[in-house]
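# Notes for the structure review
One-letter residues, chain by chain:
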Amino acid sequence: MEEASPMKRPMLRMALGLLCAGVLCGLPAARAADTGAAPVRADSKQRQWRLHDFTRIELVPREPGAPDNLQPVQLQAEALRQQLALLQYSGRSGSQALFASDELAELVGPLAQALERAGPADDVLLLSTARREGGLLAPPTAITARLFVQRDGLELIVHDARFEFYEAYRGAQIQPHFVFGSRAAAGPASIAVSGTPGRRADWVSIALPSAAAAAAAAAPATMPSKPLPTDNAQGSDDIERRLETLKRLREKGLITEDEYQQKRRDILQRL
Amino acid sequence: MKTIRSAVPHALALAAALVASQAQAVDFDGYLRTGPGATSKDSARACYNLGSLGGGHYRLGNECDFYGEFGLAQTGTTEGVAWKAKVMFNEYNGGTDVGGSSSSFEQMYVEGKGFDIAPGTNFWIGKRFYGRKDVHILDTFFVRMDGVGAGADQIDLGGAKLGVAYFSSDSFKGFGDPGNGASKSPGNRFNVDVSEIGLNPGGALRVTGTVTQGNYDNVTAGKGTSGFGLSLQHTQDIASLGGGNTLWLQYAQGSAGLDGNFGTANAESSVKKVRLVESLAWQVGEFGGQAVALIGQQDKDDINATAKFKELSIGGRASYALTKNFKLVGELGYMQKKPDGSDTQKLTKFTFAPTLSAGPGFWSRPELRLYVTTAKWNEAANTASGLGGLTGLGNGKTSGTSYGAQAEIWF
């Protein structure tokens with residue numbers, strides 16, 4: 001990726017600096033004044049890839065208390081696509097592919113770029129919205145997930161596998177509030193790789209292509225500054241939260257009574 | 001217009017081709033409502049509304065027009081800049097007959113975020129819908145800064161977002177502006193929009209300021225009139241109801257509108273308007289709906305020969321899903337307007353609509369609905385509407401019933 005040419009016209013720079021002084025450009029006013037508004041090269045510090053109104057990939061500071069991630073890693077987009085295509089989620093109609101094929105084809109390039117750009121202190125947030133079922137007239141649903149690289153591979157924590165927000169947004173301009181997966185608390189999603197459950201219902205480790213895996217394994221691992229809660233350690237709080245979420249889904253009519261009872265049994269078995 | 005009309009089918013074909021070949025590459029969104037209806041023998045279909053009210057009308061089973069809008073957008077990130085270009089065309093007909101409809105490009109703009117001089121700011125230029133927030137059952141946007149303009153938004157204030165925009169209009173209108181250069185009443189508008197101000201858990205405040213300036217000589221007032229508006233909007237998520245609440249307190253004077261757009265072009269600055277709107281939406285199990293209450297007042301406008309008036313509107317629409325795909329929908333609304341020196345105009349309207357839908361939710365679309373609408377109003381409402389009376393049928397009646405079928409979809 002080429003870097004943008006710095007502006008070479010002092011007058012133009014000064015004019016833009018004045019235009020952008022203060023809050024207009026989101027830069028501290030003092031900095032704009034002190035430096036003559038020296039431009040920040042966004043392309044060298046790109047932290048967001050926007051693909052559609054509700055599809056974007058973003059680098060954010062990793063969650064507090066989490067160990068250093070093993071990024072950056074270089075991944076081939078096609079290899080990443082093949083791995084992500086194996087992901088499945090448990091939905092109303094049973095187990096289904098998490099990503100649509102055309103959705104994935106579009107995501108993997110920017111996702112590979114993000115993982116190459118990310119540092120050990122970054123997590124990658126993924127928001128992907130697509131019309132996955134029912135064609136053009138079906139309301140789009142969103143996947144919200146957090147990704148990072150650790151020794152086991154690419155870690156993927158999905159909060160929502162099919163977040164339904166679009167109709168309320170279109171009908172009443174209700175702005176969606178997206179919540180991404182978290183190491184600390186399990187979300188409502190249930191995902192697996194080729195039918196094999198992950199370390200948590202919403203969390204799977206995806207094997208990296210060999211070159212990337214070797215690089216990740218060679219990287220020094222850092223222990224977390226404080227231990228993160230594990231699946232077992234979360235105990236009743238986590239289960240209570242998931243039961244409440246499940247109950248809410250049933251009350252909203254988003255899942256059937258049978259689905260509610262089946263999922264409830266699954267959750268209670270974890271006690 | 002001929003050119004545009006002929007362009008629409010081509011644009012649709014292009015859209016279909018793009019969407020078919022690159023499902024994720026081009027975004028295609030839209031809205032339409034259409035369907036037949038009737039009121040009585042030997043007359044056109046009637047709809048029921050008090051004229052000149054800013055608060056809209058109760059729309060279920062009460063739309064005599066048909067309308068559709070179809071948008072294409074391309075979004076992508078290049079060299080760190082996230083670009084989006086969007087066009088949207090529409091089709092409108094005041095009745096349901098063929099012919100006499102109009103098409104136009106409602107939106108045509110480009111925006112970008114991630115520029116090196118201001119990475120966090122979104123810049124845009126063009127013709128667009130902007131900052132909209134509505135009450136669906138009234139078909140009214142209570143904030144609507146649409147127009148031809150340029151601006152910057154998503155500016156992080158640390159706990160809030162700032163947007164600033166400038167709009168210019170050849171005919172002092174913000175929406176459907178022909179922009180043909182023939183008008184002699186152009187106007188300028190400047191909006192400041194501060195949003196996402198966190199006030200309380202689940203609640204956010206939005207403050208929208210509007211300044212308008214007529215750039216022309218008004219024959220009556222002597223010059224283009226100026227205006228000012230301020231809108232406060234508070235939105236509140238209510239998880240227990242599966243919905244939320246929106247409250248507006250709005251003020252405008254002169255040529256500014258309450259919704260943040262241009263108002264009446266030549267209204268003197270002494271003409272003041274104020275409006276309070278409360279709207280609640282919910283979805284609890286199979287029971288969903290939206291309710292609204294509105295009170296407003298507008299001063300006497302000498303130049304446009306309108307008396308001071310007060311308005312009131314209260315009503316709601318509720319749906320109950322009997323199955324996943326079948327719901328019963330009803331809407332009840334009451335409106336009144338009291339001009340100084342005249343009797344109070346009153347209208348009550350009720351609609352029952354068995355509806356087929358993609359899902360059980362209130363907002364679930366598409367919907368295929370049959371409806372029966374009945375309305376009652378008073379003589380003052382007929383008188384205020386002119387010779388044709390409130391329905392335009394000119395039969396002197398103060399009640400009526402309409403029926404029909406309508407499809408509505410947004411996607």
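Just above sits the structure.
Criteria and cut-off values
Residues numbered from 1 in each chain as written. Chains lettered and ligands numbered in written order. Predicted model: local features only at pLDDT ≥ 70, side-chain atom pairs only at ≥ 80, totals over all residues. Helix = DSSP H or I, 4+ residues; strand = E, 2+ residues; numbered from the N terminus. Buried ≥ 20, exposed ≤ 12 C-beta atoms within 10 Å, placed from the backbone. Contact = placed C-beta atoms within 7 Å. Pairing = 2+ DSSP bridges. Axes fitted to C-alpha atoms, helices over the stretch in contact; angles between N-to-C directions. Parallel < 35°, antiparallel > 145°, perpendicular 65-115°, else oblique. Left-handed = near helix turned anticlockwise from the far one by under 90°.

## Observations regarding the overall build of chain A
When you go through chain A residue by residue, the secondary structure sums to eight helices and ten strands. Going through the 271 residues of chain A one by one, you find that 38% of them count as buried.

## Description of the overall build of chain B
Within chain B, the secondary structure is distributed over two helices and 21 strands. Per-residue burial for chain B yields a buried fraction of 41% across its 411 residues. By sequence separation, contacts in chain B at least 24 residues apart represent 57% of the contacts at least 6 residues apart.

## Focus: the sheet that holds strand β3 (residues 87–91) of chain A
Read across the sheet, four strands follow the order β4-β3-β8-β9 (chain A) without closing on themselves; strand pairing throughout is antiparallel. The open sheet has two free edges, formed respectively by β4 (94–97) and β9 (196–197) of chain A, since each of these has just one partner strand.

## Overview of the packing of helix α3 (residues 77–84) of chain A against helix α4 (residues 101–117) of chain A
Residues and elements named next belong to chain A. With their axes 9 Å apart at the nearest point, α3 and α4 run at an angle of 125 degrees to one another. The pairing of α3 with α4 is recorded here as oblique in orientation. Our pair here, α3 against α4, has a crossing hand that is right-handed. Counting all contacts with α3, which are made through Ala77, Leu80, Arg81 and Leu84, the residues of α4 involved are Leu104, Ala105, Val108, Gly109, Leu111 and Ala112.

## Some thoughts on the sheet that holds strand β6 (residues 141–150) of chain A
Residue and element names in this part refer to chain A. Taken in spatial order, the six strands make up an open sheet running β1-β2-β5-β6-β7-β10, and their pairing is antiparallel. The sheet is open, and its two borders are formed by β1 (48–52) and β10 (203–206), each paired with just one other strand. Across this sheet, the average inter-strand angle for adjacent strands is 20 degrees, counted without regard to direction. Alignment of strand β5 (residues 122–130) against β6, held across seven bridges, turns out to be antiparallel.

## Focus: the environment of Gly214 of chain B
All names here are of chain B. Mapped onto the secondary structure, Gly214 falls in strand β12 (residues 203–214). A residue is classified by how many C-beta atoms lie within 10 Å of it, and Gly214, with 23 of them, is buried. Along the chain, Gly214 and Arg189 lie 25 residues apart, while their C-alpha atoms are 8.8 Å from each other.

## Focus on the pairing of strand β16 (residues 287–298) of chain B
All names here are of chain B. Sheet topology places strand β15 (residues 272–284) next to β16; twelve bridges connect them, and they run antiparallel. Its bridge partner lying in β16, Val277 is registered against Leu294. Between β15 and β16, which pair antiparallel one after the other, the connecting turn spans two residues, and Gly285 there sits at a positive phi close to 60 degrees. Here β16 pairs with strand β17 (residues 309–321) via twelve bridges, running antiparallel. Bridge pairing in β17 places Gly296 opposite Glu311.

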